[in-house]
Amino acid sequence: MGLFDGLARWLGIKKKEANVLVVGLDNSGKTTIINHFKSEEYKNHDIVPTIGFQVEKFKTKSLSFTAFDMSGQGRYRDLWQAYYRECHGVIFVIDSSDKLRIVVAKDELDALLKHPEVQRKRIPILFFANKMDLRDAVSSVKCSQLMELENIRDKAWHICASNAITGDGLDEGIQWLTDQLKDVLVKK
Amino acid sequence: MHILRRDKKEEEEGGGNPFHNLEKTTVLQEARTFNETPINPRKCAHTLTKVLYLINQGEQIGTTEATEAFFAMTKLFQSKDATLRRLVYLGIKEMSKIAQDVIIVTSSLMKDMTGKEDQFRGPAIRALCSITDNTMLQSIERYMKQAIVDKNHAVSSAALVSSLHLSKGSHEVTKRWVNEAQEAVSNDNVMVQYHALGLLYHIRKHDKLAVTKLVAKFSKQSLKSPYAYCLLIRIASKLIEEEGAGSDSPMFEFIEGCLRHKSEIVIYEAAQAMVNMKETTAKELAPAVSVLQLFCSSPKPTLRFAAVRTLNKVAMKHPAAVTACNLDLENLITDQNRSIATLAITTLLKTGSESSVDRLMKQISSFMTEISDEFKIVVVQAIQSLCLKFPRKHSVMMNFLSQMLRDEGGFEYKKAIVDSVITIIEENPEAKEAGLAHLCEFIEDCEHAVLATRILHLLGREGPRTPTPSKYIRFIYNRVILENAAVRAAAVTALAKFGAHCEELLNSCIVLLLRCLLDTDDEVRDRATFYVDTLKEKQKALNSAYILNGLQVSVIGLERALHQYTLEPSEKPFDMKTVPLASQPITEQRVQAVREPGETTAPKATDKVAASRQDVYAEQLARIPEFANLGALFKSSTPVELTESETEYVVRCVKHTFPHYIVFQFDCTNTLNDQVLENASVHLEPSDGFEVIKYLPCPKLSYDTPGTTYTLVRMPDEATQVTGTFSCTLKFVVKDCDPNTGEPDEEGYEDEYVLEDVEASVADHVQKVMKPNFGASWEEVGPEFEVEDTYSLSTMKTLEEAVTNIIQCMGMQPCERSDKVPEGKNAHTLYLAGVYRGGHDALVRSKLAMSEAGITMQLTIRSTDQSVSEVLASAIS
């Protein structure tokens, strides 16, 4: 089995697979972002609050992603950690129009970074400062200040402003993540 | 791979079960492969199967372990492999009860249930409903409604059945799905229709009117599904049973109409329903029986079996109705299938005339060896009922039974035979000698100690009163020499009874008992010593009290009383009179399990020993500090309803009699969902001499939650004044509340509710006691405080009626089977035994004679106290 897979990969027929964990507070737009990447026939037209988690698959040019779209509601955030171990990358979605709760998002991020499973791995973290289209949204720079992202030293991270409904900024972010993950997966 | 190969090897060696040697820890270790990326579906499926196998084998998995495995399993959602996914659904269902945070898969399952893959949708719904609790149900409600009316049959059925399961916990939510269920009933798939009807009924089952409408509606509109019809028949027959409706009700018409349905399953269900109805006449049964008769000649063995089994049941109640089928049943005797043949013969035995009995017995004995124990028991029971029906045939039957006793057979089978023989002996005095002889022969070579002790006990009771008691001694003494300790002890007791009852055997019995003094077993030795010393006293009273009529206390009560005594050391010796008495009869109490339509067909009778009822009350009362110093509970009456069952508040009363007090226990239920009652108590207006000491109110009565309030009453000092009538009023504070939340208003007002009167009767002061040897007890108590009187009972028409009334009035236990009046006799003697409050033995002999003018009764009461005799005498007048 392994032999055949290896051969296929070597020939470039089969794409490399990466697991990413999509986290963030409730109503920040995680499911909508994932929905954007799905092919047209699988797209969901009404997005409802996720309970627990959902698994979605999507592909970019060189990688195929398995995204664990976690629920952001308070009572389920404890369950994120069950999925830290297998992930190759994290997508952290921030609602940039919700200034009040950015501190809560920061707390959750700190908890994530402190978790031993995350600490011992070199995993890239992609931040989406989502809902850029809203009038009272803060800029991505301001967002990274509020989240004190500059303090993250041992992980590769990137923040980009996005609008999940129109898809603005999403492809740019995923492109960055793809590049990062390729490095990680090749090293493995 | 390696694991797989090893398993394969084991399979070859072990032959059969590849999962034979699974160990929990290794399997859970293996479950970690679920975490690997990329997922290997084959390997994971194999491991998951192992996990499922373990859970289904009853292996206990701890919460932490289960949660870990569960979360690993959730990662399998990334694989699209169909087999693996369906195994995951199963895994979720199995682990939903043991793992924590199972709610995590909710969204994933919702996605699958609304997805495009039909294969996933049904199982996803089932899994989702198993992890959903009340709080989460709101969020999936919309999807469930959609799924119920889905085009795909499997999805719709899954949603309907899951809703049925959900409604156990959250009835309120599923109630709202009525319209969808309604729509699904008109679905043209047979299974969906059946499930939809099931859900519809379940939602409405507490509303009798709605159920009646439901049946009326669907019995007119023709359903396609035979299963739905069967369910409808079950619902209808339950309604008939609840309402006690007769054959003129539309429900009955509907069931009768179903006998002409084209599907066999519906026809059988209808026939079965009619047969099981409580009050049907033979005439009403006729159409059902004729349908079953047709089935008897069906080429399908299942139908033949079903028909003959049901006919067998009918034969118990209406043998005449089945006579019409006798010819068809005769044909079935030679059926290939032995089960059908056995049932056919036993049915014929019940319906046939006395003359055909011999022939049938011969027929059945020809293949007794070929049928299983289970059916042999059916045969035994048939013979027993036959014997009771034709007492003159007892010699044939007894011979047959003894033949069966000699054959090979399991414990259940032997037990059934012994039970039958004992019943026959008790019912038919003529059969006694023969029966005892057969049983004696049986215990000579009996491997079941339980049966041997039982027979020895019977011999001890019945043997001494036969014309030649001496012939049993040899059989009993053989047991002392040959058997194990338990049987030896029973044999010693039986010997002592012979000695106590028959004076001419006394000396020989003492000699035999003396030999047992050197037995190796403590129990046997103790019993022998005790009996030898008692017998040597040669006093009738002692013999009666300690040998012939043993202990009459409740065993559980005695254990508790002794335990209490050892906890609180005191100078006083232990008083036997403080121990609650065993309420008789223990074996007769059977509670009928509530039958749900759609669950099981046969009404299951569950045996429940009711003896502990009083012990339960005693324990409850002992826990209330106010009642701690009342002394030992003497008797608890059966509950009496003080209200109609459909009123605002339902109250039942149980009277607990103590040496000087009566505690009235009122079990109240509030049936109004917009009210909360607080501080509820029942006020009593006592009659002369009685004095209300204390009320113990129930602090709060919420909707549909029963609560208990107590009222303590002191009895008059005058010993003969024990009866009285109490008028009761329920007093309480009402607070209105929101029916949905149950939150009461701040303000309440006082109110009262008049209940029916409670009566304290003589029967409340008397506990039933079984005296196996009434004559001995009668002599033991002696004529010192005897009261005798003659009454004429003009209102009673028959002896049976008089006997039942007297027993009820006195609240005492009939002895020597004197509660059964032999047919065609004009005179009868009833023996009653009991213990009066305070521990006085009380015996009643009532001689009844029937004449043109009515029934005359001579009542003789003996007890150990003058006032007791007077009180008992007053019970009749």
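As the structure is a computational prediction, the values presented were derived from the model and not from experiment.

What counts as what
Residues numbered from 1 in each chain as written. Chains lettered and ligands numbered in written order. Predicted model: local features only at pLDDT ≥ 70, side-chain atom pairs only at ≥ 80, totals over all residues. Heavy atoms only, no water. Buried < 20%, exposed > 50% of the residue type's maximum accessible area, 1.4 Å probe, protein only. Helix = DSSP H or I, 4+ residues; strand = E, 2+ residues; numbered from the N terminus. Contact = heavy atoms within 4.5 Å. Buried area = accessible area lost by both parts, 1.4 Å probe. Salt bridge = Lys/Arg side-chain N within 4 Å of Asp/Glu carboxyl O. Polar contact = N/O pair within 3.5 Å; in protein donor to acceptor, adjacent residues only side chain to side chain. Nonpolar A, V, L, I, M, F, W, Y, C, P; charged D, E, K, R; others polar. Pairing = 2+ DSSP bridges. Axes fitted to C-alpha atoms, helices over the stretch in contact; angles between N-to-C directions. Parallel < 35°, antiparallel > 145°, perpendicular 65-115°, else oblique. UniProt positions renumbered as here; feature names shortened; annotations may be inferred.

*Asks:* Could you clarify how one ought to interpret helix α28 (residues 470-482) of chain B in this entry?
*Replies:* Note on helix geometry: an α-helix contains 3.6 residues per turn, so any two residues three or four positions apart are oriented the same way. Buried within α28(B) are the following residues: Y472(B), I473(B), F475(B), I476(B), Y477(B), N478(B), R479(B) and V480(B). Where α28(B) is buried, its residues contact α26 (432-444), α27 (449-462), α29 (485-501) and α30 (503-516) of chain B.

*Asks:* What should I look at first to understand the interface of chain B and chain A in this one?
*Replies:* Interface size is commonly expressed as the accessible surface area that is lost when the partners come together. Taken residue by residue, the interface counts 23 residues in chain B and 26 residues in chain A. Counting the surface chain B buries against chain A, the share from its top three residues, K75(B), Q78(B) and I104(B), is 26%. There are 3 salt bridges connecting chain B and chain A. A salt bridge links K75(B) to E86(A); the nearest nitrogen and oxygen atoms lie 3.0 Å apart. One can count 9 residue pairs in polar contact (both at pLDDT 80 or more) joining chain B with chain A. Looking at the side of chain B that touches chain A residue by residue, the class counts come to 8 nonpolar, 9 polar and 6 charged.

*Asks:* Whenever I open this one, the pairing of strand β1 (residues 16-24) of chain A confuses me. Can you help?
*Replies:* Residues and elements named next belong to chain A. Among the 9 residues in β1, 7 count as buried, and that is most of the element. For β1 and strand β4 (residues 89-95), the ladder comprises 5 bridges, and the chain directions are parallel. Bridge pairing in β4 places V23 opposite F92.

*Asks:* What's the story with the pattern of salt bridges in this structure? I'm lost.
*Replies:* Pairing between side chains of opposite charge can happen when the charged atoms of each approach one another. Using the criterion set out here, one finds 40 salt bridges over all chains in the structure. When the shortest N-O distance is used, the salt bridge between D522(B) and R525(B) registers 2.6 Å. One end of the pair is D522(B) and the other is R525(B), both in helix α31 (residues 522-537) and 3 residues apart, which spans about a single turn. For D522(B), a relative accessible area of 47% corresponds to the partly exposed category. Look at R525(B) and you get partly exposed, because its relative accessible area is 26%. Salt bridges linked by common partners bring D26(A), R77(A), D98(A), R101(A) and E108(A) together as one network.

*Asks:* Whenever I open this one, the packing of helix α23 (residues 373-389) of chain B against helix α25 (residues 411-427) of chain B confuses me. Can you help?
*Replies:* Axes are the key here: two packed helices are described by the angle between their axes and the distance separating the axes. Residues and elements named next belong to chain B. Running from amino to carboxyl end, α23 crosses α25 at an angle of 5°, the nearest separation of the two axes being 9 Å. By the angle between their axes, α23 is roughly parallel relative to α25. Together, D373, K376, I377, V380, Q384, C387 and L388 of α23 and E412, Y413, A416, I417, S420, T423, I424 and E427 of α25 make up the contact between the two elements. Across the contact of α23 with α25, the residue classes break down as 8 nonpolar, 3 polar and 4 charged.

*Asks:* Please clarify how the UniProt feature "binding site: Mg(2+)" (unreviewed entry) in chain A should be interpreted in this entry.
*Replies:* Residue and element names in this part refer to chain A. What UniProt calls "binding site: Mg(2+)" (unreviewed entry) maps, in this numbering, to T31 and T50. These annotated residues cover 20 residues of sequence, but their C-alpha atoms sit close together, with the largest distance between any two at 7.6 Å. Within the fold, T31 resides in helix α2 (residues 30-37). By relative accessible area, which is 18% here, T31 ends up buried. Beyond its immediate stretch of four places on either side in the chain, T31 contacts I47, T50 and D69.

*Asks:* Help me understand the sheet that holds strand β3 (residues 63-70) of chain A, please; the structure alone is not making it clear to me.
*Replies:* Strands pair in a sheet through their backbones, by hydrogen bonds, and they do so in one of two ways: parallel or antiparallel. All names here are of chain A. Here we have 6 strands laid out as an open sheet, ordered β2-β3-β1-β4-β5-β6, and mixed in their pairing. On the outer flanks of this sheet lie β2 (53-59) and β6 (157-161), each paired with one strand and no other. Along the sheet, successive strands turn relative to each other by an average axial angle of 20°, direction set aside. Bridge count for β4 against strand β5 (residues 125-130) is 6 bridges, and the pairing is parallel. Within the sheet, the bridge partner assigned to D95 lies in β5 and is N130. Its contacts with the sheet put helix α3 (residues 102-114) on β1, β4 and β5, and the angle it makes with β4 is roughly 165°.

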